[in-house]
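Here is how the chains run, residue by residue.
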Amino acid sequence: MSKLWGGRFTKQTDRLVEEFTASITFDKELAEEDIEGSLAHAAMLGRQGIIPAEDAERIREGLLKVRDKIRRGEIEFSIADEDIHMNIEKHLIAEIGPVGGKLHTGRSRNDQVATDMHLYLRRRVVEIVDLLHKLQTALVEQAKANTDTIMPGYTHLQRAQPILFAHHLMAYVSMFGRDAERLMDSYKRINVLPLGAGALAGTTFPIDRRFVAEQLGFDRIYENSLDAVSDRDFIVEFLANASLIMMHLSRLSEELILWSSTEFGFIELDDAFCTGSSIMPQKKNPDVPELVRGKTGRVYGHLIGLLTVLKSLPLAYNKDMQEDKEGMFDTVRTLQGSLQLFAQMIATMTVNRERMRQAVNRDFSNATDIADFLVGKGMPFRQAHEVIGKTVLYCIQNGKFLLDLTLDEFRQFSPLFDERIYEVLKPESVVNARDVYGGTAKNQVLAAIGRAEEELARIADWVAAHREHA
Ligand code: ARG
C-alpha cells in the first residue's frame, strides 16, 4: 500500500526505517482522542464551507464507523502507516472513499498530535485527581479510627516524641492534597487547543479555531502557531507532578514496609495485598508497597527523559518529539495502578494499637516534656536539657524508663520536681500538650480532619465538574 505522503518519493521506505520511525505500536492509545479531534475538525471544515457540508457529513459518519471498529477490536493497525493519525485516515478512506482525503485539509499531523495529547492528558488528569481523592479518603478514614492511637514519632528514625497515629496519616493527606492541587492547577495549561497551527505557521484556509475549541471543550486556544506545535511543557509538568506523587507514595511505602516488619509490628497489611515466599512458608511480603517504591524510579526517569528530549530542540516540530508518548503512557499507567492499590491497601490494613502503645511506654520520647516542666518552674531551657540528659542516662544505666523513677530519684537531679511530673509524663499528656494549630494534640488532629474533609469535598466537586470530558 502506498504512503499518504508517497508522492515525492521514488523509492520504498527501508523496512527497518519504517519500523524504527513508526509510532503506531504505542500511539494507538490515542485512537479515541484522534477521532474526537477529527470529528470537530471535519465539522468546522463543513461549517466554514472549506469542504462541502455533505462531505463533512460523510467524513463524520466514516469516522464514527472507524471508531466503532476500533472499539470492537476489528481494526489492525499497520506499521507501514506509521502512526495513529495516518492509520485512521487510511481506514477512513477505505470506508468512505477519496472524500475521506478531504479531512486533512487545513491541518497537519503536528497540530493533530498535539491536540490528541492535550485531549488525552486532560482526561487522565481528572481520573488521577479522583484516585488521589480516594486515597486521601482512605487515609482520613483510618485517621478517624485512630485519634486515640499513640505511636512513637521519629526523627533520624530514632524515637523522638509520641504522636497520634492519626496525625501521622494526616501528614500524607496534606501531601496528596498538594499533589491534587498541582494537577488541578495544571489543567488550565492542558486544556488549551493547538489545532489550527497547521504544520507550524497556521493555514491558508479560513478555519475557525474557536469553534473547534468549543466543540472539544477547550477553555483556550494556543496564541502562537509555532508554540502550539512545539509545546510539550504540559507533559513535562504532568511528569513532574507525577514524580512528586510517586515520591510521596514511596515514602509511605517505606513506612508501611517498616511498620509491618516483626521489629515494628505496628500494622498488618491485608492478606489480599501481600504475597508469600516460594521457599519460606512463614513469609508474608509487602510486595505492593515495595513495587510502588521501585516504580518511582521509572516515573522520575520519564521526567528526565522528556526534559532531555526537549532540551535544545529548535522550533517547531522535530521527530524527536515522538519520544514524548511512551513515558507519558507508562506514567499514567503506573500512577493509576499505584494509587488504586494504595487506597484499598490503606483502607484494609490493621492497626496494632497495643504494639504502638508498648513502644511508646518503653522509650524516652517524653523527655522533652519533663524538660519543659522544669522550664515551667523557672529553670532556663538549656539547663533543664542538661538535667534531663543526666536523668535519662541514669535510667539507661539502671534499666528504667522515666515513669519508673520514684520522686526521690527525680529529686536527685533537681529539687524542682514534684508529683505532678507523673501526669506530665503520660503519653496522652505529652501528645495533648502539643496543642498548637497543626500539632498532634487530639483536638488539633480532630480539627485537621474536619478541614481535610472540607478540602476533600472541594476536590470531589472539581472532579465532578471536569468529568464531562473524561
Ligand atoms: N507520530 C508523530 C509524533 O508522534 C506525529 C507527528 C508527525 N509529524 C511529522 N511531521 N512527522 O510525533
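Structural data are supplied above this passage.
Figured I'd write up the structure that's included with this text. Along each chain, the written sequence defines residue order, and numbers are assigned to residues from 1. Owing to the predicted nature of the model, reporting of local features is limited to residues with pLDDT of at least 70; listing and counting of side-chain atom pairs is limited to 80 or more, with chain, interface and lining totals taken over all residues. Excluded from the side-chain calculation are hydrogens and water; included are all heavy atoms of the structure.

Another aspect to go through is the side chain of S186. Counting from the N terminus, the helices are the DSSP runs of H or I reaching at least four residues and the strands are the DSSP runs of E reaching at least two. If you trace the backbone, S186 turns up in helix 7 (residues 165–190). Accessibility here uses a 1.4 Å probe with only protein chains present; expressed as a share of the type maximum, an area under 20% marks a residue as buried, one over 50% as exposed, and anything in between as partly exposed. A relative accessible area of 3% means that S186 is categorised as buried. Here a polar contact is recorded for every N or O atom pair within 3.5 Å, except that within protein the pair must consist of a potential hydrogen donor and a potential acceptor, and residues adjacent in sequence are included only if both atoms are side-chain atoms. Among the polar contacts listed, one links the side chain of S186 to the backbone oxygen of L183, at a separation of 2.7 Å. Between two residues, a contact is recorded if the distance between any of their heavy atoms is within 4.5 Å. When sequence neighbours within four positions are dropped, the list of residues in contact with S186 reads E237 and N241.

A few words now on the packing of aromatic side chains. Working definition: rings of Phe, Tyr and Trp (its six-membered ring) pair if their centres are within 6.5 Å, and the pair is stacked with planes under 30 degrees apart, edge-to-face with planes over 60 apart, and tilted otherwise. Scanning all chains against the criterion turns up 12 aromatic pairs. Relative to F264, the ring of Y154 lies with its centre 6.1 Å away and its plane at 55 degrees, an arrangement referred to as tilted. Of the two residues, Y154 is situated in strand 1 (residues 150–155) and F264 in the loop between helix 10 (233–259) and strand 5 (267–268); the sequence distance between them amounts to 110 residues. Geometrically, the ring pair formed by F373 and F417 is stacked, given 6.4 Å between the ring centres and 5 degrees between the ring planes. With F373 in helix 14 (residues 367–376) and F417 in the loop between helix 16 (407–413) and helix 17 (421–424), this pair connects stretches of sequence that are 44 residues apart. Judged by its relative accessible area of 1%, F417 is buried. Here a set of aromatic residues connected by ring pairs shows up, and it is made of F373, F410, F417 and Y422. For a ring to carry a charge above it, either NZ of a lysine or CZ of an arginine must fall within 6 Å of the ring centroid while also lying within 35 degrees of the normal to the ring plane. The side chain of R8 reaches across the aromatic face of F9, ending 5.8 Å from its centre. The lysine or arginine in question, R122, covers the ring of F218, its NZ or CZ lying 4.8 Å from the ring centre.

Looking now at the pattern of salt bridges. Any carboxyl oxygen of Asp or Glu within 4 Å of a side-chain nitrogen of Lys or Arg constitutes a salt bridge here. Scanning all chains against the criterion turns up 40 salt bridges. Within this structure, E82, D83, R109 and K319 form a network of salt bridges that share partners.

A regular strand places its side chains so that they alternate between the two faces of the sheet. Across six bridges, the pairing between strand 1 and strand 2 (residues 158–164) is antiparallel. Bridge pairing links P152 to P162 in strand 2. When DSSP finds two or more bridges between two strands, those strands count as paired. Adjacent in sequence and paired antiparallel, strand 1 and strand 2 are bridged by two residues, among which H156 carries a positive phi angle near 60 degrees.

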